[in-house]
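Single-letter residue listing:
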Amino acid sequence: MVAIISQDPAREPAPVPGAAVTPAALLVTHGERELLRLVVVGSVDDGKSTLIGRLLYECDSLLDDQVAAVERASRGGAIDFSLFTDGLLAEREQGITIDVAYRYFTTGRRKVIVADTPGHVQYTRNMATGASTADAAVILVDARQGVLQQTRRHAHIAGLLGIPYLAVAINKMDLVDYDRATFERLSAEVLTLTSRLGFAEVRCFPVSATQGDWITKPSERAPWHDQTLLAWLEALPHQRRQELAPFRFAVQQVLRPNIDERLLTGRVASGTVRKGDRVVLSPSGRTATVARIATLTGDLAEARAPLSVALGLDVDVDVSRGDVLAHAGALPEVSGAVDASLVWLNEAPLAVGHRYLIKCGPRTVPAYIERIHHRLDLESLREVSAQSLEANDIGEVRISATRSLVFDRYRDNRATGAFVVIDPETNATVAAGMIREPYLGEGSHHFYSRVGAEARAKRLGHHGLVVLLDGGLAADAADRIAGLEHELFRRGVVAAQVGLDLEAAVALAKAGVVALAAVAATGRERARELLRAARIPWTEAEAAEDSVDVVLLAARQGVAS
Amino acid sequence: MAELSASHASQTPGAHPHHSHLDLLEAEAIAILRETAAELSNPVLMYSIGKDSQVLLHLARKAFYPAPLPFPLLHVDTGWKFREMYQFRDAVVAELGVRLIVHRNQRALDEGINPFDYSSQVYTHATKTQALLEALKLHGFDAALGGARRDEERSRAKERVFSFRDAQGQWDPRRQRPELWDVYNGRVRAGESIRVFPMSNWTELDVWLYILRERIPVVPLYFAASRPVVARSGTWIMADDERMRLRPGEAPEPRRVRFRTLGCYPLSGAIESEATTVSELITEMLTSRRSERAGRLIDFDEDGSMESKKREGYF
Ligand SMILES: Nc1nc2c(ncn2[C@@H]2O[C@H](COP(=O)(O)OP(=O)(O)OP(=O)(O)O)[C@@H](O)[C@H]2O)c(=O)[nH]1
Ligand SMILES: [Mg+2]
């Protein structure tokens with residue numbers, strides 16, 4: 001085994017025992033690989049586990065005692081490669097994969113984390129688990145069976161999850177005599193299916209997981225093909241999408257190491273942050289400067305995604321878990337209502353109007369699924385109307401949260417556009433969601449108030465109103481808005497600040513409050529549209545105490561200026 | 001150590017075209033540790049003194065720096081660890097000023113359950129699994145952070161990062177919560193808990209490379225030295241103290257050995273080795289063809305033994 005495999009260029013050159021190796025050299029050779037997350041999907045029994053076992057075996061990532069154990073379990077026959085990943089007793093008994101297994105191998109420059117997922121429809125939730133973080137996917141198709149419903153489901157989920165690279169392994173070629181026409185017919189069929197799913201690259205391979213054709217080694221039996229699956233994996237460009245996207249940092253916790261200092265912990269979800277950067281907090285809209293990027297091994301001048309760091313700010317602004325830091329000019333969306341794609345993962349079907357929790361980054365908010373736009377029919381591949389989503393269904397929905405979400409569209413940012421749905425009654429994770437758009441329409445909140453606007457105005461002496469304030473990002477804007485708020489309050493107006501959060505502004509205005517929103521010039525038009533649609537009176541003013549009269553007048557009149 | 005700091009430059013963008021996989025594994029682990037502290041009300045860090053625990057402790061210090069650790073360490077002690085492990089543990093605790101809870105299943109020890117007279121299943125269940133469940137219950141911990149890795153064993157390869165345990169502390173591999181992206185569901189009801197594995201995606205090699213890079217101290221038993229050992233089941237068992245029960249004809253002889261995993265000394269197999277530094281150890285490991293658990297006597301009781309133990313609540 002070793003002799004054959006050592007021919008393989010993907011394998012490490014064996015270090016010479018006894019030769020002096022410096023720590024630095026070791027770290028450069030073995031500690032600085034690129035990380036590639038790979039997922040293997042496809043219908044039940046198409047050979048996923050066998051293919052991964054073969055890949056591990058031929059990349060020399062299995063140790064002698066592991067191989068010996070599998071040889072024993074294969075009972076004298078040819079090695080059953082699927083046993084390297086099917087690690088649960090029930091899996092070995094039934095000969096199927098139930099839950100995702102993660103295995104690791106290295107190629108020349110990469111550490112690969114490979115997720116072996118179950119093909120069985122009942123365990124689609126585990127397939128989605130394995131696929132969610134993947135940079136590349138391999139989808140298997142049994143050469144005798146062709147594209148099945150589960151193949152389509154997996155392809156769709158992989159596409160929705162935004163996996164950029166897809167390899168189509170037409171497997172069990174040994175059972176169709178390595179027939180080129182069969183390969184080409186099936187390849188064409190899969191390519192038609194995947195062409196609308198948004199992959200950056202799709203490549204087909206004729207393979208046999210049990211015989212080892214075109215996986216890590218070229219095969220004489222299908223000489224008309226030209227690239228091994230491993231060579232394709234090796235050649236994939238390194239994924240740097242998160243590094244290149246705008247800066248996002250979702251606050252996980254606020255640390256107070258001592259009375260003077262406060263640090264925000266979190267991960268640079270995307271982009272880069274540098275010491276001295278002006279940052280805007282969402283949803284509050286407060287601004288601050290990054291005074292410190294702290295790590296145990298020393299402060300950094302900058303941090304790129306996806307490092308975990310702790311940020312110190314120059315001013316003591318109000319921050320809590322789930323707030324998102326970004327650069328002015330490239331802010332995330334702030335909204336309580338979104339349109340999203342869902343993969344439903346629970347036996348209990350989706351219930352419109354049931355109270356769920358949405359966890360998006362570190363932020364968890366109660367939410368309702370207001371309506372189901374449609375469900376994907378996996379036979380016709382058409383969008384059909386639906387009253388509910390059942391386990392393993394894929395659909396599009398409108399979600400309305402009781403507090404604002406801070407997010408990006410999933411297609412722009414995988415780290416900040418993803419969420420899970422949790423049922424607070426069972427604590428189960430019931431769905432995976434990908435945000436498509438913020439929904440800025442009317443009535444996106446679950447407020448079925450019985451107290452009318454007139455009654456409120458009568459009680460409070462003024463109407464509810466949103467005030468769009470200028471200069472929201474200027475250094476002293478927070479002080480000036482606070483000054484205005486204070487002055488209004490002194491003069492008998494119920495006023496409150498909402499930062500950037502227009503959803504909150506709308507909700508407050510509906511309750512009769514004068515909501516002060518800091519909206520930069522760039523966000524103005526969108527804000528106006530939203531307020532117009534929601535039929536909320538608003539006015540625009542300077543963020544200054546002097547604006548008090550303008551605001552008072554508008555609040556008394558209660559009509560949009 | 002100029003060469004070491006050179007490799008640290010991967011922290012300083014610009015100097016490197018990409019973050020190394022070690023940087024990414026570290027960032028992921030730190031995020032998981034923070035998420036645990038934020039989502040659960042009473043977490044504890046399982047500290048078993050081995051290399052993985054040392055790495056986990058180091059990552060936890062990084063996660064909460066410059067604040068102190070927001071949770072205590074828990075050592076589930078069987079009373080049969082190597083003497084050097086206890087010394088090392090106490091030195092670490094003293095140096096870092098962290099809070100350590102040591103818990104033993106006193107009833108089992110009083111009953112005289114020991115690794116010689118009892119099968120490894122009975123012994124492990126009483127002194128580890130039971131002791132752990134007792135400790136979690138006693139202190140009301142709702143999250144236990146552990147340094148276990150998916151590459152250790154086939155059933156571990158199946159486990160979630162946030163791995164749910166019912167009120168009996170049991171794992172049901174068929175009903176694991178979906179776990180997508182890095183969005184972890186840490187919600188539990190009273191009595192239920194989550195086992196959290198921040199180092200799920202690390203391999204043994206990653207652990208040693210990281211120890212090398214970060215200069216993390218580990219128990220000297222990992223390095224080759226002359227130690228009194230006897231041959232058993234194809235491995236070397238060290239006679240660490242006078243309680244070692246020798247079989248007829250056995251006499252400890254000095255051999256240059258080291259341990260790949262550390263546990264109870266009568267159950268931890270050593271390998272012959274010349275590696276006395278982390279780099280030598282890594283170099284040796286790159287040519288080794290045996291998995292680290294091959295030296296553990298407890299995993300070989302039956303096929304699927306680890307899965308059964310885990311279902312019952314073993315770490
Ligand atoms: N002849 C032949 N049989 C294969 C090939 N690949 C897999 N098989 C067989 O197909 C069966 C299923 O293989 P698995 O690897 O368990 O399939 P899977 O896709 O992992 O199945 P699930 O995980 O349960 O969805 C086994 O009996 C394999 O030996 C192949 O290339 N040729
Ligand atoms: Mg399988």
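Note that the coordinates shown come from a computational prediction; the quantities given were computed from them, not determined experimentally.

S.K.: What is the right way to look at the packing of helix α3 (residues 51-64) of chain B against helix α7 (residues 204-214) of chain B in this model?
M.R.: When two helices pack together, their arrangement is given by the angle between the helix axes and the distance between those axes. All names here are of chain B. With their axes 10 Å apart at the nearest point, α3 and α7 run at an angle of 55 degrees to one another. One finds that α3 runs oblique with respect to α7. α3 and α7 meet at a crossing whose hand is left-handed. Residues K51, D52, V55, H58, L59 and K62 of α3 lie in contact with α7, whose contacting residues are E204, V207, W208, Y210, I211 and E214. Class assignment for the residues of the contact of α3 with α7 results in 6 nonpolar, 1 polar and 5 charged.

S.K.: What am I meant to see in the side chain of S270 of chain A here?
M.R.: Relative to the elements of secondary structure, S270 of chain A occurs in strand β8 (residues 261-270). The buried category is assigned to S270 of chain A, whose relative accessible area is 0%.

S.K.: So what exactly am I meant to see when it comes to the environment of D177 of chain A here?
M.R.: Residue and element names in this part refer to chain A. Within the secondary structure layout, D177 lies in the loop between β5 (165-171) and α8 (180-194). Its relative accessible area of 67% is what places D177 among the exposed residues. Counting along the chain gives 44 residues from D177 to R221, while the straight-line C-alpha distance between them is 8.5 Å.

S.K.: Sorry, what's going on with the pattern of salt bridges here?
M.R.: Should the charged atoms of two oppositely charged side chains come close, the side chains can pair. According to the stated counting rule, one finds 62 salt bridges over all chains in the structure shown. Across the salt bridge formed by R267 of chain A and D182 of chain B, the nearest N and O atoms sit 3.5 Å from each other. Of the two residues, R267 of chain A is situated in strand β8 and D182 of chain B in the loop between β5 (162-165) and β6 (193-196); the pairing between them involves two chains. Residue R267 of chain A is classed as buried on the basis of its relative accessible area, which comes to 16%. One connected set of salt bridges, linked through shared partners, spans D23, E26, K62, R213 and E214 of chain B.

S.K.: Would you mind going over the coordination of the magnesium ion (ligand 2) with me for this structure?
M.R.: Ideal geometry at a metal gives 109.5 degrees between four tetrahedral donors and either 90 or 180 degrees between six octahedral ones. Residue and element names in this part refer to chain A. Summarising the metal site, the magnesium ion (ligand 2) is bound by the protein donors S49 (OG) and T97 (OG1), whose distances to it range over 1.9 to 2.0 Å. With a gap of 48 residues between them, S49 in helix α3 (residues 48-58) and T97 in the loop between α5 (89-94) and β2 (101-106) connect regions that are remote in the sequence. Each of the two residues, S49 as well as T97, counts as buried.

S.K.: Looking at this model, I keep getting lost on the sheet that holds strand β7 (residues 248-258) of chain A. Mind explaining?
M.R.: Residues and elements named next belong to chain A. If you trace the 6 strands once around the closed barrel, you get β7-β8-β13-β11-β10-β14, paired in antiparallel fashion. Neighbouring strand axes in the sheet, compared pairwise and without regard to direction, differ in orientation by 50 degrees on average. The pairing of strand β11 (residues 287-294) with strand β13 (residues 308-313) spans 4 bridges and is antiparallel. Across the sheet, the residue bridging to R292 is G312, located in β13.

S.K.: Teacher, can you tell me more about the confidence of the model for chain B here?
M.R.: When pLDDT is low, close inspection of the predicted coordinates is not appropriate. All names here are of chain B. Here chain B shows a mean pLDDT of 88. Residues at 70 or above account for 89%. Overall, residues 1-16 carries pLDDT values under 50, and its contacts beyond four positions in sequence, including any with other chains, amount to 32 contacts. With a pTM of 0.84, the predicted complex shows an ipTM of 0.87.

S.K.: Please clarify how the sheet that holds strand β1 (residues 43-46) of chain B should be interpreted in this entry.
M.R.: By way of backbone hydrogen bonds, the strands of a sheet pair with one another, either parallel or antiparallel. Residues and elements named next belong to chain B. Reading across from one edge, β3-β2-β1-β4-β6-β5 is the order of the 6 strands in this open sheet, with mixed pairing throughout. Unpaired on one side and paired on the other, β3 (100-103) and β5 mark the two borders of the sheet. Across the sheet, the axes of successive neighbouring strands diverge by a mean angle of 30 degrees, strand direction being ignored. Where strand β2 (residues 73-76) and β3 come together, 4 bridges link them in parallel fashion. From the neighbouring strand, L73 faces β3, where its bridge partner is L100.

S.K.: Quick question: what am I supposed to make of the interface of chain A and chain B here?
M.R.: Size of an interface: often given as the accessible area lost when the parts come together. Contact with chain A, which involves 98 residues of that partner, is made by 79 residues of chain B. In total, about 7,800 Å² of surface goes out of reach between chain A and chain B, with carbon and sulfur atoms giving 56% of it. For the chain A face of the interface with chain B, the top three residues by lost area are L27, L296 and N427 of chain A, together amounting to 9%. The residue E39 of chain B makes a salt bridge to R321 of chain A at a minimum N-O spacing of 3.0 Å. Counting the contacts that link chain A with chain B gives 34 residue pairs in polar contact (both at pLDDT 80 or more). By residue class, the composition of the side of chain A that touches chain B is 48 nonpolar, 26 polar and 24 charged.

S.K.: Help me out: how do you make sense of the side chain of N105 of chain B in this one?
M.R.: Along the chain, the position of N105 of chain B falls in the loop between β3 and α5 (106-110). In this structure the side chain of N105 of chain B is engaged in a polar contact, spanning 2.8 Å, whose partner is the backbone oxygen of A126 of chain B.

S.K.: I'm lost on the site of ligand 1 in this one. Help?
M.R.: Residues and elements named next belong to chain A. Inspection of the region around ligand 1 gives 20 residues, with K48, T50, T97, G119 and D174 positioned closest. At a separation of 2.6 Å, an oxygen atom of ligand 1 approaches a polar side-chain atom of T97. Between ligand 1 and the protein, one listed contact pairs an oxygen atom with a backbone N or O atom of A209 at 2.8 Å. Considering ligand 1 on its own, with 650 Å² of exposed area, one finds that the protein chains cover 82% of that surface. Each residue belonging to the shell around ligand 1 can be placed in one class, and the counts come to 5 nonpolar, 10 polar and 5 charged.

S.K.: How should I be thinking about the environment of I96 of chain A in this particular structure?
M.R.: All names here are of chain A. Topologically, I96 is positioned in the loop between α5 and β2. Taking the relative accessible area as the measure of exposure, I96 reaches 16% and is therefore buried. The spatial distance from the C-alpha of I96 to the C-alpha of W224 is 32 Å, given a sequence separation of 128 residues. Those residues in contact with I96 that sit more than four places away from it in its chain are V44, D86, E91 and Y123.

S.K.: I would appreciate a short explanation of the nonpolar core in the present structure.
M.R.: Side chains of nonpolar character tend, in soluble globular proteins, to be buried together. Residues L51, V138 and L161 of chain A together with W181 of chain B are the most contacted members of the largest nonpolar core, which totals 87 residues. Setting aside anything within four residues of it in sequence, one finds L51 of chain A in contact with V40, V138, L140, V207, A209, I215 and L229 of chain A. Listed in part, the 80 residues of the second largest apolar core include I32, Y123, A126 and F223 of chain B.

S.K.: I would appreciate a short explanation of the pairing of strand β8 (residues 235-238) of chain B in the present structure.
M.R.: Every other side chain in a regular strand lies on the same face of the sheet, so the side chains alternate between the two faces. Residue and element names in this part refer to chain B. Judged by which residues are buried, β8 turns out to be covered on both faces: T235 and I237 on one side and W236 and M238 on the other are all buried. By the bridge criterion, 4 bridges tie strand β7 (residues 225-232) to β8 in an arrangement that is antiparallel. Residue pairing for β8: R232 is matched across the bridge by T235. Where β7 hands over to β8, the hairpin turn is made up of 2 residues, of which S233 adopts a positive phi near 40 degrees. In the sheet, β8 pairs with strand β10 (residues 269-272) via 2 bridges, with the strands oriented antiparallel.

S.K.: Explanation requested: helix α6 (residues 124-131) of chain A in the structure shown.
M.R.: In an α-helix there are 3.6 residues to a turn, and that puts residues three or four apart on one side. Residue and element names in this part refer to chain A. Among the 8 residues that make up α6, 8 are buried, leaving the element largely enclosed by the rest of the structure. Looking at α6, one finds that the buried residues are T124, R125, N126, M127, A128, T129, G130 and A131. Of the surrounding elements, those touching the buried residues of α6 are β1 (34-42), β2, β3 (110-116) and α7 (149-160).

Rules used in this analysis
- Residues numbered from 1 in each chain as written.
- Chains lettered and ligands numbered in written order.
- Predicted model: local features only at pLDDT ≥ 70, side-chain atom pairs only at ≥ 80, totals over all residues.
- Heavy atoms only, no water.
- Axes fitted to C-alpha atoms, helices over the stretch in contact; angles between N-to-C directions.
- Helix = DSSP H or I, 4+ residues; strand = E, 2+ residues; numbered from the N terminus.
- Parallel < 35°, antiparallel > 145°, perpendicular 65-115°, else oblique.
- Left-handed = near helix turned anticlockwise from the far one by under 90°.
- Contact = heavy atoms within 4.5 Å.
- Nonpolar A, V, L, I, M, F, W, Y, C, P; charged D, E, K, R; others polar.
- Buried < 20%, exposed > 50% of the residue type's maximum accessible area, 1.4 Å probe, protein only.
- Salt bridge = Lys/Arg side-chain N within 4 Å of Asp/Glu carboxyl O.
- Donors = N, O, S within 2.8 Å, 3.2 Å for Na, K, Ca; no water.
- Pairing = 2+ DSSP bridges.
- pLDDT = per-residue confidence, 0-100.
- Buried area = accessible area lost by both parts, 1.4 Å probe.
- Polar contact = N/O pair within 3.5 Å; in protein donor to acceptor, adjacent residues only side chain to side chain.
- Near = heavy atom within 4 Å.
- Areas by Shrake-Rupley, 256 points an atom, 1.4 Å probe, with all protein chains shown as cover.
- Core = buried A, V, L, I, M, F, W, Y, C linked by side-chain atoms within 4.5 Å.

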